[in-house]
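Report on the structure
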Amino acid sequence: MKAEKSILPGAGSLIGKKSGAAAERAAQIVFTACASFAILAVASITLYLVLSGTPAIFQVGLKEILFSTVWAPTAAQPRYGILYVILTSVVGTGLAILLGVPVGILTAVFLAEVADERVAAVVKPAVELLAGIPSVIYGLLGIYLLNPAMYRLERWLFRDSATHQFTGGANLLSAVIVLAIMILPTVINISETAIRAVPPSIKAASLALGGSRIQTIFKSILPAAKSGIVTAVVLGVGRAIGEAMAITLVSGSSVNAPLPFRSVRFLTTAIVSEMGYSSGTHRQMLFTIGLVLFVFIMVINLILTRVLKKGGQTP
Amino acid sequence: MEKSKLLVKDLNLYYGANRALKDVEMEIRDKAVTALIGPSGCGKSTFLKCINRMNDLVENVRIRGQVLLDGENIYDRRVDTTLLRKKVGMVFQQPNPFPMSIYDNVAYGPRLHGVKAKQELDSIVEEALKGAAIFEEVKDRLKKPALGLSGGQQQRLCIARALAVRPEVLLMDEPTSALDPISTSKVEELMEALKKSYTVVVVTHNMQQAARVSDDTAFFLLGAVVEFGPTAALFSRPRDKRTEDYITGRFG
Amino acid sequence: MTGDTLYHKKKRPLEALLLGAVYGAASVSVLLLCGVIGYVFAKGAGTLSWSFLTTVTSALKQTVGIAGNLVNTLYIIVLTLLAATPIGVGAAIYLNEYAKPGRLVRLIEFTTETLSGIPSVLFGLFGMVFFGEVLGLGYSLLSGAFTLTLMVLPLIVRNAQEALRTVPDSYRSGALGMGASRWHMIRTILLPSAIPGILTGIILAVGRIVGESAALLFTAGSARLLPRLGGGLLENVKKLGGKALESGGTLTIELYLQMQNGKYDVAFGAGCVLIVIVLCINLWMKLLAGRWKTR
């Protein structure tokens, strides 16, 4: 109705235009505000994580926090060294990547290059489904299935050891296995996309030079998909280092050096399992651990944007 | 010149139910350039890909008949296709260098076939680049990405890459159709030079090019060879009316 | 050189090994998936029953059930989407239709990217401090929903952007050429054509919300009560609204707490329900994608 009215001659086109322009401006402002929301969110998150994470640093001292290995927040003489916690996150993530990435990339190769289209059409949705399964379920299976199995292995391995502290199977190795499984879908999906994006002419060139199928895949297609695969690995690192609920119970409940059959705490699991009963400096320290995790994630993000930019530059 | 390198006998190719090549017979001479011409969709590229079995990759393709390379049927069950493709190299319509350095592109083939020693690779790369008349242009930037080269240079690099595995036959699928005139003439000169050491089979949509560079020419139409013979004769005295129509530009 | 024959299949033991590894890896991935889903079903199916879905766990009444958690999950989904969808779609419209490439756009894209990379524990910490303490929402469904809004925002923005990008430019110029204002064009042409993409983002967000736990543990809490209804309509509406300000644990939180206490049968029962929900979401996505493709 409105539109029809403005077509009528002499319907005050100037006035119509002006109110339209106001709506137009309002719309633009609203949309800009919506878009700026992400900036606001990241800024606030950064601000509050820094604000809540720094008090403990001043109280305890950065050196003690980062370089002491003793974490005894509830002792009479509390100690707040998180070196082992940091190392656990680094080593645990590294091992999970070492375990998960080869399996993931090879599965991606299978989906994109080896499998029959019909087989791929079944396997691919299955992998996508794997990505959607909540992390608590991985945790549940970890604690119910993996830990007892690990405990059996542990008892057998250390049957003659007098000093080994038995973990009941809740140890670094269990957590690493859960993490490796959890990063699989990310690695598979992104690597597969990258492999499929390699132009067929690259494959043809390699085959025409007398390359076998396997040589062609591993010497020309994968190198050509390199930047996508690196992206997959970096995202996998991000996912592994940030995962909490799946490994909180699986990894055990005390802070130790990251050795396979030791009960360990990751940056994430320390926060989750102690937040409930912490107070005072202990609670502030948990925020400091959060801040350390945040720094790790930001570094990973920066690496990711670098990789993506570089990948975008080469045609 | 007179010895035959490839002998094609009664070759038929089907895409599903569609018969794309019909009873093709051809004798391709050693150390000569054979041109395949015809309107698009006539089967000349499909035929070319039969000679190094690149059609194996296409789904639903069935091939009947024989292609004899030095007397051995390349469609025999016992044939190792990687060995075949090492002997029968190929250059594609669009330059398709790997996203690697110039050196690694040329060294790719030899490495596949087990050459590891640095010195040997160096000399193979240099020889291949010289063979493709591009060595002078790239010798100072062998470690630079191949994708930084111009289209014409990329195509000659692809020729060098094919030469580096020391093939006996070189198949070229419209190698100049994506290139500018200057690059085209360089590649044409190259073909002249290449036939001293290689048997060259080139698909072209450009009849002047076929006339300029080839010794023999085959004219394809609807999947069949209409006429095949020495280029000079085919262009000056075509025996078939359809050949004459095509080379005089009446269709295609 | 012509001496060597073609009639000789080269043996490549190393390559056979690699191919074996490829098949092996793929089987491991598939078996893991089937194992995860199959096992949870096998263990949890016994627990599933009508009363498990419709009652609340209570020592007094001797019932075990997840009804309260299902209601809480629904609350969080609805509240989160109410906040995240308009903001996300608005942001996508800005990025696609208004923004000129420059600093602001780069910053928006970078921060959106960053948001999707922040681990949920950190969202939890932030939500606990900001929504819980600074804004005084405490442990409440609303606080949880606000926290998750930040988390799912990138999903919605990206999918909406993708959808807007597929709307042909001719639609835009057509509408604008007829004298429509830009806002009018967005409302009448762009948004309707982008709905499938926006819906995709929303469904993905639902999946994320349903599976989320760490960010909610610190913000929404873990209560498992059903809203107490009774009285007139207005009163009930008030009570339902008021529930948003109360603490409430979603299905995943309940699962976590139950397994922490070693009550594995309840945990697997909840896991079963979660996987069914995830399967439904996946199926819905597939159907939507299929419909979109055929259009």
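Placed above this text is the structure.
A few points on the structure. Keep in mind it's a predicted model, so treat the numbers as computed, not measured. (Residues numbered from 1 in each chain as written. Chains lettered and ligands numbered in written order. Predicted model: local features only at pLDDT ≥ 70, side-chain atom pairs only at ≥ 80, totals over all residues. Heavy atoms only, no water.)

1. So, the overall build of chain B
Note the following rule: Put simply, DSSP H or I for four residues or longer makes a helix, DSSP E for two residues or longer makes a strand, and each gets a number counted from the N terminus. It is over C-alpha atoms that the radius of gyration is taken, and the globule rule equals 2.2 Å times the number of residues to the power 0.38. When accessible area is computed with a 1.4 Å probe and restricted to protein chains, residues below 20% of their type maximum are described as buried, those above 50% as exposed, and intermediate ones as partly exposed.
Within chain B, the secondary structure is distributed over 10 helices and 10 strands. Relative to the 2.2 N^0.38 estimate, which gives 18 Å for 252 residues, the radius of gyration of chain B is 18 Å and therefore close to what a compact globule would have. Summarising its shape, the C-alpha atoms of chain B cover approximately 55 × 45 × 35 Å along the three principal directions. Within the span of chain B, comprising 252 residues, buried residues form 58% of the whole.

2. Considerations on the overall build of chain C
Condition: We call two residues in contact whenever any of their non-hydrogen atoms come within 4.5 Å of each other. Values of accessible area rely on a 1.4 Å probe in the Shrake-Rupley scheme; residue burial ignores everything except the protein chains shown.
Check the secondary structure of chain C and you find 12 helices and 2 strands. Reading chain C from its N terminus to its C terminus gives the helix and strand order α-α-β-β-α-α-α-α-α-α-α-α-α-α. Along the three orthogonal principal directions, the C-alpha set of chain C runs to about 95 × 60 × 35 Å. Within chain C, the proportion of its 295 residues that are buried is 48%. Restricting to contacts in chain C with at least 6 residues of sequence separation, those with at least 24 account for 78%. Within the structure as shown, chain C displays about 13900 Å² of accessible surface, and the carbon and sulfur contribution to it stands at 67%.

3. Structural notes on helix H9 (residues 200-208) of chain A
Regarding H9 of chain A, the residues found buried are Ile202, Ala204, Ala205, Ser206, Leu207 and Ala208 of chain A. Those residues of H9 of chain A hidden inside the fold are in contact with helix H10 (213-224) of chain A together with helix H2 (81-87), strand E6 (88-91), helix H3 (102-112) and helix H6 (151-163) of chain B.

4. Quick notes on the side chain of Thr47 of chain C
By the element assignment, Thr47 of chain C lies in the loop between helix H1 (13-44) and helix H2 (50-54). The contact partners of Thr47 of chain C, leaving out residues within four places of it in the chain, are Phe52, Asp265, Val266 and Gly269 of chain C.

5. Some details on the sheet that holds strand E3 (residues 33-37) of chain B
Residues and elements named next belong to chain B. Our working definition: Strand pairing is defined by DSSP finding a minimum of two bridges between the two strands. Axis definition: a line fitted to C-alpha atoms, over the contacting stretch in the case of helices. Angles run 0 to 180 degrees between N-to-C directions.
Pairing within the open sheet is mixed, and its 6 strands lie in the order E6-E7-E8-E3-E9-E10. The open sheet terminates on both sides in strands that have one partner only, identified here as E6 and strand E10 (224-230). Within the sheet, the average angular offset between the axes of one strand and its neighbour, ignoring direction, is 15°. Relative to strand E9 (residues 216-221), E3 runs parallel, the two being bridged by 4 bridges. Bridge pairing links Ile37 to Phe219 in E9. Relative to E6, H6 is tilted by about 170°, and along the sheet it contacts E6 and strand E7 (169-173).

6. Section: the packing of aromatic side chains
All names here are of chain B. Put simply, the test is: The pairing test for Phe, Tyr and Trp rings, Trp by its six-membered ring, is centres within 6.5 Å, and the orientation test on the planes gives stacked under 30 degrees, edge-to-face over 60, and tilted for anything in between. To sit over a ring, a charge needs its Lys NZ or Arg CZ within 6 Å of the ring centre and within 35 degrees of the ring normal.
Using the criterion set out here, one finds 18 aromatic pairs over all chains in the structure. Centre to centre, the rings of Phe47 and Phe220 are 5.4 Å apart; their planes meet at 40°, and the pair counts as tilted. Taken together, the residues Phe47 in helix H1 (residues 44-51) and Phe220 in strand E9 connect sequence positions 173 residues apart. Take Phe47 and Phe220: they sit in the same class, and that class is buried. For Arg161, the ring lying beneath its charged end belongs to Phe98, and the centroid distance is 4.6 Å.

7. Some points on the interface of chain C and chain A
How we decide: Put simply, buried area is the surface a 1.4 Å probe can reach on two separate parts but cannot reach once they are joined, added for both. Basic side-chain nitrogens of Lys or Arg form a salt bridge, by our definition, when they fall within 4 Å of a carboxyl oxygen of Asp or Glu. In the analysis that follows, any N or O atom pair within 3.5 Å is treated as a polar contact, provided that within protein one partner can donate a hydrogen and the other can accept it, and provided that, for residues neighboring in sequence, both atoms belong to side chains. Polarity classes work like this: nonpolar for Ala, Val, Leu, Ile, Met, Phe, Trp, Tyr, Cys and Pro, charged for Asp, Glu, Lys and Arg, and polar for all others, with Gly in that last group.
Across the contact, 73 residues belong to chain C and 71 residues belong to chain A. Around 6500 Å² of area is buried between chain C and chain A when both sides are counted, 83% of it from carbon and sulfur atoms. Linking chain C to chain A there are 2 salt bridges. The interface formed by chain C and chain A includes 8 residue pairs in polar contact (both at pLDDT 80 or more). Per-element accounting of the side of chain C that touches chain A gives the leading share, 18 residues, to H1 of chain C. Each residue belonging to the side of chain C that touches chain A can be placed in one class, and the counts come to 54 nonpolar, 13 polar and 6 charged.

8. Quick notes on the pattern of salt bridges
All names here are of chain B. All chains considered together, the criterion is met by 33 salt bridges over all chains. Note that Lys5 and Glu168 form a salt bridge whose closest N and O atoms lie 2.9 Å from each other. Taken together, the positions of Lys5 in strand E1 (residues 4-15) and Glu168 in the loop between H6 and E7 put the pair 163 residues apart, joining distant regions of the chain. For the pair shown, Lys5 and Glu168 are each scored as buried. A salt bridge links Lys139 to Glu136, with the shortest nitrogen-to-oxygen separation between them at 2.8 Å.

9. Focus: the interface of chain B and chain A
Counting from both sides, the interface comprises 23 residues of chain B and, opposite them, 17 residues of chain A. For the pair chain B and chain A, the summed buried area comes to about 1500 Å², and 71% of that belongs to carbon and sulfur atoms. Inspection of the chain B/chain A interface yields 0 salt bridges. Our count for the contact surface shared by chain B and chain A stands at 4 residue pairs in polar contact (both at pLDDT 80 or more). Along the lines of polarity and charge, the residues of the side of chain B that touches chain A split into 14 nonpolar, 6 polar and 3 charged.

10. What about the state of the cysteines?
Heads up, the rule is: For the purposes of this analysis, a disulfide is any pair of cysteine sulfur atoms at a distance within 2.5 Å.
Inspection of every chain in the model, using the stated rule, returns 0 disulfides over all chains. Looking at Cys280 of chain C, it has no disulfide partner, and the nearest cysteine sulfur is the one in Cys272 of chain C, 12 Å off.

11. Remarks on the environment of Ala163 of chain C
For Ala163 of chain C, the location among the structural elements is in helix H6 (residues 141-166). When the C-alpha atoms of Ala163 of chain C and Val273 of chain C are compared, they prove to be 31 Å apart, with 110 residues separating the residues in sequence.

12. Some points on H1 of chain B
Residues and elements named next belong to chain B. Among the 8 residues of H1, 7 are classified as buried, and the element is accordingly described as predominantly covered. Of all the positions in H1, only Lys44, Ser45, Thr46, Phe47, Leu48, Cys50 and Ile51 are classed as buried. At the exit of H1 stands Arg53, carrying a positive phi of roughly 60°.

13. Let's talk about the pairing of E10 of chain B
Residue and element names in this part refer to chain B. Bridge count between E9 and E10: 6 bridges; the pairing is antiparallel. When the sheet's bridge partners are listed, Ala218 is paired in E10 with Phe228. Counting the residues that bridge the hairpin from E9 to E10 gives 2 residues, and of these Leu222 lies at a positive phi of roughly 50°.

14. Description of a nonpolar patch on the surface
To be explicit about the condition: Residues enter patches when they are more than 30% accessible in relative terms and free of salt bridges; like-charged ones are connected within 9 Å and nonpolar ones (Val, Leu, Ile, Met, Phe, Trp, Tyr) within 5 Å.
The grouping of Leu153, Trp156 and Leu157 of chain A at the surface amounts to a nonpolar patch, some 310 Å² of accessible area in total. When its relative accessible area of 41% is taken as the criterion, Leu157 of chain A is described as partly exposed.

15. Considerations on the sheet that holds strand E2 (residues 18-29) of chain B
All names here are of chain B. The strand order across the open sheet formed by 4 strands is E2-E1-E4-E5, and the pairing between neighbours is antiparallel. Every interior strand has two partners, whereas the edge strands, E2 and strand E5 (72-73), have only one. Pairing of E1 with strand E4 (residues 61-69), which is carried by 8 bridges, proceeds in the antiparallel orientation. If you follow Asn12 over to E4, its bridge partner there is Arg64. Seen against the sheet, H1 touches E1, E2 and E4 and runs at an angle of roughly 120° to E1.

16. With respect to the packing of helix H7 (residues 135-157) of chain A against helix H8 (residues 172-196) of chain A
Residue and element names in this part refer to chain A. Going by this rule: The labels follow the angle: roughly parallel below 35 degrees, roughly antiparallel above 145, roughly perpendicular from 65 to 115, and oblique for the rest. Each crossing gets its hand from how the near helix is turned against the far one by less than a right angle, where anticlockwise is left-handed and clockwise is right-handed.
In contact at an axis separation of 10 Å, H7 and H8 are set at 140° when each is read in the N-to-C sense. Taken together, the axis directions place H7 and H8 in an arrangement best described as oblique. For the pair H7 and H8, the crossing hand works out as right-handed. In this structure, H7 contributes Ser135, Tyr138, Gly142, Leu146, Asn147 and Met150 to the contact, and H8 contributes Leu173, Ser174, Ile177, Val178, Ile181 and Met182. A breakdown of the residues in the contact of H7 with H8 according to their chemical character gives 8 nonpolar, 4 polar and no charged.

17. What to know about the packing of helix H3 (residues 67-98) of chain C against H6 of chain C
If you want to describe how two helices pack, look at the angle between their axes and the distance between the axes. Residue and element names in this part refer to chain C. Packing of H3 against H6 brings their axes to within 6 Å, and their N-to-C directions diverge by 40°. For the element pair H3 / H6, the angle class is oblique. Note on packing geometry: the crossing formed by H3 with H6 is right-handed. Residue composition of the contact of H3 with H6, by class: 22 nonpolar, 8 polar and 2 charged.

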